[in-house]
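Structure at a glance
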Amino acid sequence: MLIIDRYAYINKLRYFNDDLKLFLFIMMITIALFSNSYIVHISIFIIMSVILVGIAQIPIKGYFKMYLLPMSFIILSLIALVFSISHSNVDTFFSVKLSNFYLVVRDDSLLKAIILTTRAFSAISCSYFLILTTPFNNLIKLLLKYKIPVLLIELIMLTYRFIFILLEEIAKIYKAQDLRFGYINMKNSFNSLGLLLRTLIVRIIKRYKDMIISLESKNYDNRFYM
Amino acid sequence: MKKKYLVLFGLVLVFMPKYANAMHIMEGYLSPFWAGLWTIVSLPFVILGFRNISKMVKEDGNKKILIALMGAFVFVLSALKLPSITGSSSHPTGVGLGAIVLGPSVMSVIGMIVLIFQALLLAHGGITTLGANTFSMAIVGPFVAFGIYKLSQKAGWKKEFSIFLAAAFGNLITYVVTSFQLAMAHAGANEGFMELLVKFLSIFAITQIPLAIAEGILSVIVYNLIAGYKEEGVLAYEKNI
């Protein structure tokens, strides 16, 4: 169901040294964040994409589709960064007169926006490199190795396990509701969503109680051994 | 000057695409300075929450499982689409109800874990912007929701109304803080902080109002549906609801 998780398990770089992957990620993203030149950003983006598509063999269509979600955030904030209202239209790349104000695109804000956009894309490609090539249990191993508190790792690990159980249950409940026109209008949608969440919470409580019983029968001593 | 901001505000709203998703700050959108600063600001809250969780776990080891279940629950909320008037699809942050049930500091840790998963499994938010996103969604959101809930309970308002207010404002304040963070990070020499703030607020916060109301309504519906279970005393935490 979660495409990134699936790619992390089936890509060709899965068994590659995790420390090296982490090191490459940290190095590249540091360069991307500190650099102010879009040439550096674009080359990082190209390097990462070549590694992911060429070596790790992530399907190219799926890989570029993954940029759609960050893209909508970037476009939205670009609107805010690029356009502004001004009394004059000197030093502007583009301007439209609106009664006594101008809607302008300033030269320097345009340059700033271009650098920001390329920086965002290069940083996103770096994080895709890490999350698309490293399965979650390898990330947990890295966390253990670098001495993150055990309780936090346990919480993260348990959360990871429960996420997939809950997603499966949501998918089933949602389908059943949708088939009965549960999401046909606003009122029904709210009701169905409320019912879905209620069912989910009840199942969470039940699962919690079941798990306590099963853990106790296994001599649980308040620790999960990893 | 005032009029200028008003024109700006109107324009951004008009040209806003309707699919304004509730979103976290993307990877690479904050410079190293701001990313580091927000991480340092968030750290004490997360450590406080972590201490509270350690105490809870020491008393009862099974609480670990409950907290992880709550984290997974908040995470899967982001897979759900809220019905909303504008036709935009957005997800509830879920931290409002969580803060009322578990307490705001515990919710900070859960929120941070959820943000880690959103960055790692959905590429939603980012690893370097984790600190900033934790501050807006996992710290300010829960604490404001919890504060509003306590205040309106003190004022003697109806429980449903208090929950509605807490969840709606907990959702809204998250995006107000996000706008502040973005405006602070990108304010430049000839574009003042205020001007940017107005633009970011109208993109990320004003469009969020219907969605915040939707989350408020949903939280009340969920509360009402669970309330029937309270009498059975299935879970100690339900007493707080």
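Residues numbered from 1 in each chain as written. Chains lettered and ligands numbered in written order. Predicted model: local features only at pLDDT ≥ 70, side-chain atom pairs only at ≥ 80, totals over all residues. Heavy atoms only, no water.

If you check an unreviewed UniProt entry, chain A appears there as Cobalt ECF transporter T component CbiQ from Senegalia massiliensis. Under the UniProt heading Subcellular location (unreviewed entry), the note attached to chain A is "Cell membrane". (UniProt positions renumbered as here; feature names shortened; annotations may be inferred.)

What follows is about a nonpolar patch on the surface. On the surface, A:Y38, A:I39, A:I42, A:I46, A:V50, A:L111 and A:I114 cluster together into a nonpolar patch covering about 660 Å² of accessible area. For the nonpolar patch, the secondary-structure elements that each account for two or more residues are helix 3 (38-55) and helix 6 (107-133) of chain A. (Patch = residues over 30% accessible without salt bridge, like charges linked within 9 Å, V, L, I, M, F, W, Y side chains within 5 Å. Areas by Shrake-Rupley, 256 points an atom, 1.4 Å probe, with all protein chains shown as cover. Salt bridge = Lys/Arg side-chain N within 4 Å of Asp/Glu carboxyl O. Helix = DSSP H or I, 4+ residues; strand = E, 2+ residues; numbered from the N terminus.)

The subject of this paragraph is the packing of aromatic side chains. One pass over the structure, following the stated rule, counts 19 aromatic pairs over all chains. Measuring from ring centre to ring centre gives 5.5 Å for A:F45 and A:Y67, while their planes differ by 65 degrees; the resulting arrangement is edge-to-face. Highlighted residues: A:F45 in helix 3 and A:Y67 in the loop between helix 4 (60-65) and helix 5 (68-82), separated in sequence by 22 residues. Judged by centre distance (6.3 Å) and plane angle (70 degrees), the rings of B:F75 and B:F117 are edge-to-face. Of the two residues, B:F75 sits in helix 3 (residues 63-77) while B:F117 sits in helix 5 (residues 104-121), which places them 42 residues apart along the sequence. Of the residues examined, B:F75 reaches a relative accessible area of 3% and is grouped as buried. On the accessibility criterion, B:F117 (0% relative accessible area) is buried. (Phe/Tyr/Trp six-rings, centres within 6.5 Å; stacked < 30°, edge-to-face > 60°. Buried < 20%, exposed > 50% of the residue type's maximum accessible area, 1.4 Å probe, protein only.)

Annotation from UniProt places "transmembrane region" (unreviewed entry) at residues 22-55, 67-90, 110-136, 148-167 and 187-205 of chain A. From the first C-alpha to the last, residues 110-136 of chain A spans 39 Å; its make-up is 93% helix and 0% strand.

Bringing the interface of chain A and chain B into the picture now. In this complex, chain A contributes 78 residues to the contact, which on the side of chain B involves 81 residues. Between chain A and chain B, the buried area comes to about 7300 Å², and carbon and sulfur atoms account for 81% of it. Counting the surface chain A buries against chain B, the share from its top three residues, A:F73, A:F190 and A:Y208, is 11%. For the salt bridge of A:E154 with B:K64, the shortest nitrogen-to-oxygen distance reads 2.8 Å. Between chain A and chain B we count 4 residue pairs in polar contact (both at pLDDT 80 or more) in total. Here the element with the most residues in the side of chain A that touches chain B is helix 9 (residues 186-217) of chain A; it accounts for 20 residues. (Contact = heavy atoms within 4.5 Å. Buried area = accessible area lost by both parts, 1.4 Å probe. Polar contact = N/O pair within 3.5 Å; in protein donor to acceptor, adjacent residues only side chain to side chain.)

Domain assignment breaks chain A into domain 1 (3-135) and domain 2 (149-217). Measuring from the centre of the C-alpha atoms in domain 1 of chain A to the corresponding centre in domain 2 of chain A gives 34 Å. (Domains from an automatic or database assignment.)

Our next topic: the layout of surface pockets. In this structure, the largest pocket spans a volume of roughly 1100 Å³. Along its surface, the largest pocket is lined by 31 residues, and A:L143, A:I148, B:I116, B:I127 and B:L130 are the ones closest to its centre. Those elements that provide at least two residues to the lining of the largest pocket are helix 2 (18-34), helix 7 (136-145) and helix 8 (150-179) of chain A together with helix 2 (32-59), helix 5 and helix 6 (130-154) of chain B. Here the residues of the lining of the largest pocket are counted per class, giving 24 nonpolar, 7 polar and no charged. Taken domain by domain, the makeup of the lining of the largest pocket includes at least three residues from each of domain 1 (3-135) and domain 2 (149-217) of chain A. (1 Å grid on protein atoms, 1.4 Å probe; cavity = no way out; pocket = protein on both sides within 12 Å on 5 of 7 lines; lining within 4 Å. Points joined across faces, edges and corners; volume = space filled by probe spheres on them. Nonpolar A, V, L, I, M, F, W, Y, C, P; charged D, E, K, R; others polar.)

All names here are of chain A. Close contact between helix 3 and helix 6 brings their axes to 8 Å; oriented N to C, the two are set at 25 degrees. Taken together, the axes of helix 3 and helix 6 are roughly parallel relative to one another. The handedness of the crossing between helix 3 and helix 6 is left-handed. From helix 3, Y38, H41, I42, I44, F45, M48, I51 and L52 reach across to helix 6, where they touch I115, T118, R119, F121, S122, S125, C126, Y128, F129, L132 and T133. Here the contact of helix 3 with helix 6 is composed, by residue class, of 13 nonpolar, 5 polar and 1 charged. (Axes fitted to C-alpha atoms, helices over the stretch in contact; angles between N-to-C directions. Parallel < 35°, antiparallel > 145°, perpendicular 65-115°, else oblique. Left-handed = near helix turned anticlockwise from the far one by under 90°.)

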